[in-house]
Amino acid sequence: MENQTKQKLNRELIDSQEKLPIKIVQFGGGNFMRGFTDYVIDKLNKEAGFNAGIVNVQPTPGGSVHKLEEQDNLYTLFSRGIKKGEIIDTKQVISAIQKSINPYTNYDEFLVLAKEKELEFIFSNTTETGIAYDESENDYTGPHKNFPAKLTVLLHERFKHFNGAEDKGLRIIPCELIEDNALALKEMILKYARLWNLEANFVQWIEQNNYFHNTLVDRIVPGYPKDDADTYEDQLDYEDQMMVVSEVFLLFVIQDAANLKERIPFDKIDEQILVVDNIQPYRLRKVRILNGGHTLMLAPAILSGKETVKESIDDQFLGKFLSETIFNEVNPTLGLDETELTDFAEEVFDRFRNPFIKHYQASIALYFVSKFKVRILPSLLKYVEINHKLPLNLTFSLTSLIRFYQGNFDEKSLPLNDEEAIVNRFKEIWANENYDKVTELALSETIFWETDLTKVSGLKSAVAKALWEIDHNDIETAYYNFIQFYS
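Residues numbered from 1 in each chain as written. Predicted model: local features only at pLDDT ≥ 70, side-chain atom pairs only at ≥ 80, totals over all residues. Heavy atoms only, no water.

(A) Spatial organisation of the environment of Ala52. Here Ala52 is to be found in the loop between α3 (37–48) and β2 (53–57). Judged by its relative accessible area of 0%, Ala52 falls in the buried class. When the C-alpha positions of Ala52 and Leu190 are compared, they lie 28 Å apart, and in sequence the two are 138 residues distant. Those residues in contact with Ala52 that sit more than four places away from it in its chain are Leu20, Pro21, Lys23, Ile24, Ile41, Asn45 and Ala96. (Helix = DSSP H or I, 4+ residues; strand = E, 2+ residues; numbered from the N terminus. Buried < 20%, exposed > 50% of the residue type's maximum accessible area, 1.4 Å probe, protein only. Contact = heavy atoms within 4.5 Å.)

(B) Fine view of the pattern of salt bridges. All told, the structure shown has 21 salt bridges when counted by the stated rule. For Glu109, the salt bridge identified is with Lys99, shortest N-O distance 3.8 Å. Of the two residues, Glu109 is situated in helix α5 (residues 107–112) and Lys99 in strand β5 (residues 97–101); the sequence distance between them amounts to 10 residues. Judged by its relative accessible area of 27%, Glu109 falls in the partly exposed class. (Salt bridge = Lys/Arg side-chain N within 4 Å of Asp/Glu carboxyl O.)

(C) Seen up close, the pairing of strand β3 (residues 75–83). For β3, a buried count of 8 out of 9 residues is recorded, marking the element as mostly surrounded by other parts of the structure. In the sheet, β3 pairs with strand β4 (residues 86–94) via 9 bridges, with the strands oriented antiparallel. In the sheet register, Ile82 faces β4, and the bridge partner there is Ile87. What sits between β3 and β4 in their antiparallel hairpin is a turn of 2 residues, with Lys84 showing a positive phi close to 50°. Across 4 bridges, the pairing between β3 and strand β10 (residues 244–247) is parallel. Each bridged residue has a counterpart across the sheet, and for Ser79 the counterpart in β10 is Ser246. (Pairing = 2+ DSSP bridges.)

(D) Quick peek at the sheet that holds β3. Spatially, 3 strands are ordered β4-β3-β10 in an open sheet, and the strand pairing comes out mixed. Bordering the open sheet on either side are β4 and β10, each of which pairs with just one other strand. For this sheet, the mean angle separating the axes of adjacent strands, direction not counted, is 20°. Each of β3 and β4 is contacted by α3, which is oriented at about 80° to β4, the strand it contacts most. (Axes fitted to C-alpha atoms, helices over the stretch in contact; angles between N-to-C directions.)

(E) Highlighting a negative patch on the surface. On the surface, a cluster of negative charge is made up of Asp227, Asp228, Asp230 and Asp234. Tracing the chain through its elements places Asp227 in the loop between β9 (215–218) and α9 (229–233). (Patch = residues over 30% accessible without salt bridge, like charges linked within 9 Å, V, L, I, M, F, W, Y side chains within 5 Å. Areas by Shrake-Rupley, 256 points an atom, 1.4 Å probe, with all protein chains shown as cover. Lys, Arg positive; Asp, Glu negative; His and termini not counted. Charge placed at Lys NZ, Arg CZ, Asp CG, Glu CD.)

(F) Just the sheet that holds strand β12 (residues 272–276), in detail. Spatially, the 3 strands line up as an open sheet ordered β9-β11-β12, and their pairing is mixed. Looking at the sheet topology across the chains shown, the edges are occupied by β9 and β12. Across this sheet, the average inter-strand angle for adjacent strands is 10°, counted without regard to direction. Sheet topology note: the β9/strand β11 (residues 251–255) ladder contains 4 bridges and is antiparallel. Across the sheet, Leu216 pairs through a bridge with Val253, a residue of β11. Across the sheet, helix α11 (residues 280–303) lies against β9, β11 and β12, angled at about 30° from β9, the strand it touches most.

(G) Region of interest: helix α22 (residues 459–472). Across its 14 residues, α22 extends 20 Å between first and last C-alpha, which sits within 8% of the 20 Å expected from 1.5 Å per residue. Every buried residue of α22 is listed here: Leu459, Ala462, Val463, Ala464, Ala466, Leu467, Glu469 and Ile470. Residues of α22 that are buried in the fold lie against α11, α18 (392–404), β13 (408–409), α20 (435–444) and α23 (475–485). (Expected span 1.5 Å × (residues − 1).)

Given below as structure tokens:
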């Protein structure tokens with residue numbers, strides 16, 4: 001009953017009456033954008049004097065921008081997690097969004113955005129399927145459901161209104177989780193320009209006066225805490241239907257173009273935002289350390305009876321195993337600055353320890369072989385190439401995977417959740433009782449690895465030895481016996 005008496009969140013209530021100039025149009029105002037991009041812009045405004053207002057454009061007909069409008073485009077962000085070993089649990093009102101527009105019900109208001117003199121940036125997160133071309137959108141007249149089509153119209157209207165002025169081009173910074181996201185979006189825009197027979201000068205303006213920045217984004221944003229809403233509402237003096245919960249960790253890597261650093265003062269706020277010439281090493285870092293950390297620890301953790309990532313990393317043996325593997329066997333293969341790699345890895349470990357997020361190992365086991373092939377195997381092979389010897393921890397992780405696919409351990413069924421062909425092939429392999437034979441068949445199976453791993457010097461005998469140890473000891477003892485044997 002108490003919550004019913006609270007006043008709905010609004011600008012007068014929190015004394016936030018300042019009108020910010022519209023510098024950003026954002027496609028997608030869902031949980032991730034509000035917990036990531038809008039948070040970053042809000043922090044830039046408050047701590048670095050960026051002075052940028054956001055207009056939030058609803059990406060789909062079934063969106064809910066009206067709920068933001070009803071509370072003056074304000075919402076509360078709860079940030080919860082661990083940073084540098086300390087538990088962080090904070091809340092703040094995000095006020096950077098100045099207006100929310102539903103282009104399906106108010107298309108003219110959407111088109112007017114093209115005339116904003118100070119508009120400079122486009123941000124988006126329309127899911128991985130959002131950056132796509134729909135040839136059925138063959139009419140320039142909107143509203144369009146397709147995001148690149150909407151953006152093409154907005155850019156074209158701006159081109160016409162400012163007579164193709166060179167300084168009125170925009171910087172497009174998509175946050176969709178696909179590789180080369182900005183270049184993919186640019187390709188879609190040019191396709192619509194051809195489909196609609198737009199002026200050659202417009203295409204030239206897109207190519208020469210607009211800048212497309214590929215990105216890598218990383219932050220867990222669970223969103224509205226529907227299962228625990230009362231707990232969060234009790235912390236507020238107002239009603240907020242759009243509150244968002246996120247983890248503390250944030251990584252934003254942006255590919256530079258035309259001195260982006262001079263346009264947005266990212267360096268003036270304490271967040272891991274990197275503007276770089278080449279984004280691929282950072283994508284590699286995320287895949288090998290964050291995603292790879294989950295994957296390389298998975299089989300030893302499950303075979304040890306651990307159910308969650310936090311439970312695993314808090315375990316004295318498994319936590320040490322993960323740390324030593326990342327620092328000694330994965331990081332040295334990446335070719336990036338050692339300090340950056342160390343800082344990133346330590347933040348990853350903090351994320352794994354987040355007491356507010358329950359991440360089950362069984363869910364990570366989905367398509368385990370393909371994950372290992374992409375995330376771990378390249379590190380193992382690169383380590384061998386560089387050092388001319390086996391990385392023993394990664395070898396033990398690979399062995400644990402092979403043992404995992406036997407399907408049972410310590411009289412318990414294991415959560416096999418992979419392609420039927422892979423599960424069945426492992427079943428055939430484990431029909432053999434000889435560890436050498438099992439190892440040879442598993443390592444040479446190209447449907448697993450797309451290569452014959454028996455050709456890696458010493459790997460077959462090492463895996464066979466580790467398999468024997470795992471079947472005759474607990475995981476920790478098996479590991480140390482294996483390491484001692486090869487030391």
